[in-house]
Amino acid sequence: MNGANPTDPIALRAGTAYRFRIMNITLGRPNTRIRLTQDAFPVQWLPIAKDGFDLPPAQQRFERADRTVAVGETYDYRFRSNQPVELRLEFRTGGGQLLVEQVVRIVEQ
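So, here's what we can say about the structure. (Residues numbered from 1 in each chain as written. Predicted model: local features only at pLDDT ≥ 70, side-chain atom pairs only at ≥ 80, totals over all residues. Heavy atoms only, no water.)

**Focus: the environment of Phe-41**
- Inspection of the secondary structure puts Phe-41 in strand 4 (residues 41-42).
- Judged by its relative accessible area of 61%, Phe-41 is exposed. (Helix = DSSP H or I, 4+ residues; strand = E, 2+ residues; numbered from the N terminus. Buried < 20%, exposed > 50% of the residue type's maximum accessible area, 1.4 Å probe, protein only.)

**Observations regarding the side chain of Asp-76**
- Within the element layout of this structure, Asp-76 appears in strand 9 (residues 74-79).
- Asp-76 sits in the buried class, given a relative accessible area of 1%.
- Of the polar contacts made by the side chain of Asp-76, one reaches the side chain of Arg-19; its length is 2.7 Å.
- Excluding anything up to four places from it in sequence, Asp-76 contacts Arg-19, Phe-20, Arg-21, Leu-46, Pro-47, Ile-48 and Ala-49. (Polar contact = N/O pair within 3.5 Å; in protein donor to acceptor, adjacent residues only side chain to side chain. Contact = heavy atoms within 4.5 Å.)

**Regarding the nonpolar core**
- Ranked by size, the top nonpolar core spans 20 residues in total, and within it Leu-36, Trp-45, Phe-79, Leu-87 and Ile-106 carry the most contacts.
- For this core, the secondary structure elements donating two or more residues are strand 2 (18-23), strand 3 (31-38), strand 9, strand 10 (85-93) and strand 11 (98-107).
- A per-element tally of this core places strand 10 first, with four residues.
- When near neighbours in sequence (up to four residues on either side) are disregarded, Ile-106 contacts Leu-12, Arg-13, Ala-14, Phe-79, Ser-81, Gln-83, Pro-84, Val-85 and Leu-87. (Core = buried A, V, L, I, M, F, W, Y, C linked by side-chain atoms within 4.5 Å.)

Geometry only, nothing functional implied.
Spelled out as structure tokens, the structure:
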């Protein structure tokens, strides 16, 4: 989102797997907390890579979509919803203050 406060929701199709690449390239913010939520609760996503390298299969296990990312770190996650839903991709300070959020709508195929 590059620090902008987007207003238009992103539409993704139900039943399709998407790759989210999350990176912290901020200055002056040592940690950024990234969350993908439904009704304010983190959903589940699958970690697939860290800093450009695929994770070994043993480390690819579904987890809560709530990650603190230090400056210079990059994480890749796979996410899929089989039904329509409205989500929020939140970027917060390490202390939890909301910096910016993006509405993500999962729509019918």
